[in-house]
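Each chain, letter by letter, is given below.
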Amino acid sequence: MFEIRIICDPDDADCVTTALSGAFTTGAVRTYPTRDGERTRLYVTADHRPEPGPWPTPEGAYALAPSMVREIGWTAQTAADKPFGESLGREYWLRKAALLDRIALRDEEDGLSGDAGEVATEAARRLIAYDRDGEGDYHGAPYWPEHPATDADPRGYVRQEYAHWAKNH
């Protein structure tokens, strides 16, 4: 564990804090003005992130999942019931990405050569983008949305996040 001190413009404090939390496991950020009052001092306790383990297997990730038919119904109904002008929440994007991953897995298992894998990967990327831009309500262990392994295996990220979500909902 170590402490990082950064002096920056007040407008950059959020960007710097976000970058630090992407690179390290961080504690609370303490913020103070500099002596001249024109810049901000940030103090944060940090530690190296542990080496991530493997992605969850599909069987492990979807062990608690409802049937695919039920999930199709849920995603369709949720999208249809969305009031105009409101965005769909993280649960929608997570469950949709997981459903499409499960469909692609079944197609791959059956030896079908359609575009289900590509569609599932795009849905996974949509979830990752939502998590990167969202309120940080993703699980992120062992891989957070900005991790290079997440870019390399977007569907693995969906399985990780779904497994955590299913256990806690």
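As shown above, the structure is provided for reference.
Residues numbered from 1 in each chain as written. Predicted model: local features only at pLDDT ≥ 70, side-chain atom pairs only at ≥ 80, totals over all residues. Heavy atoms only, no water.

**A word on the overall build of the protein**
1) Next: Across its full length, the protein carries seven helices and three strands.
2) Next: Its helices and strands in sequence order give the protein the pattern β-α-β-β-α-α-α-α-α-α, from N to C terminus.
3) Next: The C-alpha radius of gyration of the protein comes to 20 Å, more than 25% above the 15 Å expected for a compact globule of 169 residues.
4) Next: Looking at the protein as a whole, 36% of its 169 residues are labelled buried.
5) Next: Taking as baseline every contact in the protein between residues at least 6 positions apart, the subset at least 24 positions apart corresponds to 61%.
6) Next: Accessible surface for the protein amounts to roughly 10,300 Å². Of this, 52% is attributable to carbon and sulfur atoms.
7) Next: Positive and negative side-chain charges of the protein, numbering 19 and 30 respectively, have mean locations separated by a distance of 3 Å. (Helix = DSSP H or I, 4+ residues; strand = E, 2+ residues; numbered from the N terminus. Rg over C-alpha atoms; globule rule 2.2 N^0.38 Å. Buried < 20%, exposed > 50% of the residue type's maximum accessible area, 1.4 Å probe, protein only. Contact = heavy atoms within 4.5 Å. Areas by Shrake-Rupley, 256 points an atom, 1.4 Å probe, with all protein chains shown as cover. Lys, Arg positive; Asp, Glu negative; His and termini not counted. Charge placed at Lys NZ, Arg CZ, Asp CG, Glu CD.)

**Describing the environment of Arg5**
1) Next: Mapped onto the elements of the fold, Arg5 is located in strand β1 (residues 2–8).
2) Next: Judged by relative accessible area, Arg5 falls into the exposed class, the value being 53%.
3) Next: Put simply, Arg5 and Ala129 are 124 residues apart on the chain and 29 Å apart in space, counted from C-alpha to C-alpha.
4) Next: Beyond its immediate stretch of four places on either side in the chain, Arg5 contacts Leu42 and Tyr43.

**As for the sheet that holds strand β3 (residues 40–47)**
Hydrogen bonds between backbone atoms are what pair the strands of a sheet, whose relative direction is either parallel or antiparallel.
1) Next: As summarised here, the arrangement of the three strands in space is β1-β3-β2, forming an open sheet in which the pairing is antiparallel. The open sheet has two free edges, formed respectively by β1 and β2 (25–33), since each of these has just one partner strand. Neighbour-to-neighbour, the strand axes of this sheet turn through a mean angle of 20°, independent of strand direction.
2) Next: As defined by bridge partners, β1 adjoins β3 across seven bridges and the pair is classed as antiparallel. In the strand pairing of β3, Glu3 is matched with Thr45. (Pairing = 2+ DSSP bridges. Axes fitted to C-alpha atoms, helices over the stretch in contact; angles between N-to-C directions.)

**Overview of the packing of helix α3 (residues 68–81) against helix α4 (residues 90–110)**
1) Next: Between α3 and α4, whose axes approach to 10 Å, the crossing angle comes to 145°. Crossing of α3 against α4: the hand is left-handed. Where α3 abuts α4, its residues Met68, Glu71, Ile72, Trp74, Thr75, Thr78 and Ala79 lie against Glu91, Tyr92, Arg95, Lys96, Leu99, Arg102, Ile103 and Arg106.
2) Next: Considered class by class, the residues forming the contact of α3 with α4 number seven nonpolar, two polar and six charged. (Left-handed = near helix turned anticlockwise from the far one by under 90°. Nonpolar A, V, L, I, M, F, W, Y, C, P; charged D, E, K, R; others polar.)

**Description of α4**
1) Next: Here α4 spans 30 Å end to end across 21 residues, near enough to the 30 Å set by a 1.5 Å rise per residue.
2) Next: Just downstream of α4, Gly111 is the residue with a positive phi angle, here 75°. (Expected span 1.5 Å × (residues − 1).)

**Some thoughts on the packing of helix α5 (residues 116–133) against helix α7 (residues 154–168)**
1) Next: Interaxial distance between α5 and α7 falls to 8 Å at its minimum, and their mutual angle equals 65°. Crossing hand, α5 versus α7: left-handed. For the pair α5 and α7, the contacting residues are Gly117, Ala120, Thr121, Ala124, Arg125, Leu127, Ile128 and Asp131 in the first and Pro154, Arg155, Tyr157, Val158 and Glu161 in the second.
2) Next: For the contact of α5 with α7, the class distribution of residues is seven nonpolar, two polar and four charged.

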